[in-house]
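Analysis of the macromolecular model
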Amino acid sequence: MAKAPTSESAADDMRNMVVCLTQSAQRYADKHQIRDDLRALELGTDCMPGDLVSVEIGMRPHDFIVLRRRWIIGGARRQLEVTLDHPARLARQ
């Protein structure tokens, strides 16, 4: 059975993280020409769904929300997939 990642492997997990975008986030990123910048983000394994991610590129911040995270584990491969959404709609309390 595959084991959950430990804090000892955080550096490896950072290198094995991929940022995905929802369709609306992709449209926004393409409109502002920041898709490559978003895909290059190293958010860290401690980011959680609901986190607000403000990326300052150019003259303004671009706000996204962490929609979901998913660990993809197979054999020796371990990858964290983090999906960003736009507009950043915070959960209502």
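Coordinates for the structure precede this section.
Residues numbered from 1 in each chain as written. Predicted model: local features only at pLDDT ≥ 70, side-chain atom pairs only at ≥ 80, totals over all residues. Heavy atoms only, no water.

1. Concerning the overall build of the protein chain
Within the protein chain, the regular secondary structure consists of three helices and four strands. Start at the N end of the protein chain and walk to the C end: the helices and strands fall as α-β-α-α-β-β-β. Burial analysis of the protein chain (93 residues in total) assigns 31% to the buried set. Sequence-distant contacts in the protein chain: of pairs separated by 6 or more residues, those separated by 24 or more amount to 48%. On the protein chain, roughly 6,500 Å² of surface is accessible, and the fraction owed to carbon and sulfur atoms is 48%. (Helix = DSSP H or I, 4+ residues; strand = E, 2+ residues; numbered from the N terminus. Buried < 20%, exposed > 50% of the residue type's maximum accessible area, 1.4 Å probe, protein only. Contact = heavy atoms within 4.5 Å. Areas by Shrake-Rupley, 256 points an atom, 1.4 Å probe, with all protein chains shown as cover.)

2. Regarding the sheet that holds strand β3 (residues 60–74)
Spatial ordering of the open sheet is given by β1-β4-β3-β2, a layout of four strands whose pairing is mixed. Two strands close off the open sheet at either side, each with one partner strand: β1 (17–21) and β2 (52–57). On average, adjacent strands in this sheet sit at an angle of 40° to one another, irrespective of strand direction. Alignment of β2 against β3, held across six bridges, turns out to be antiparallel. Among the inter-strand pairings, Val53 is bridged to a residue of β3, identified as Phe64. (Pairing = 2+ DSSP bridges. Axes fitted to C-alpha atoms, helices over the stretch in contact; angles between N-to-C directions.)

3. Considering the side chain of His86
Here His86 shows up in the segment after β4 (77–85). In this structure His86 touches Thr22, Ser24, Ala25, Tyr28, Asp63 and Phe64, once residues within four positions along its chain are discounted.

4. So, helix α2 (residues 23–31)
Taken residue by residue, α2 has Ala25, Tyr28 and Ala29 as its buried positions. The arc enclosing the buried residues of α2, seen along the axis, measures out at 100°, which places them on a common side. Facing away from the buried side of α2 by over 90 degrees, the exposed positions are Gln23, Arg27 and Lys31. For α2, the elements touching its buried residues are β1, α3 (35–39), β3 and β4. Following α2 by one or two positions, Gln33 has its phi on the positive side, about 55°. (Arc of directions from axis to C-beta.)

5. As for the nonpolar core
Core analysis: the biggest nonpolar cluster contains 17 residues, and Leu21, Leu38, Leu41, Phe64, Val82 and Leu84 have the highest contact counts within it. Those elements that provide at least two residues to this core are β1, α2, β2, β3 and β4. With sequence-adjacent residues up to four places away left out, Leu21 is seen in contact with Gln26, Ala29, Arg35, Leu38, Arg39, Thr83 and Leu84. (Core = buried A, V, L, I, M, F, W, Y, C linked by side-chain atoms within 4.5 Å.)

6. Topic: the packing of aromatic side chains
Any pair of aromatic rings gets described here by the distance separating the centres and the angle formed by the planes. One pass over the full model with this rule turns up one aromatic pair. Centre to centre, the rings of Tyr28 and Phe64 are 5.7 Å apart; their planes meet at 80°, and the pair counts as edge-to-face. With a gap of 36 residues between them, Tyr28 in helix α2 and Phe64 in strand β3 connect regions that are remote in the sequence. Note on accessibility: Tyr28 and Phe64 belong to one class, buried. (Phe/Tyr/Trp six-rings, centres within 6.5 Å; stacked < 30°, edge-to-face > 60°.)

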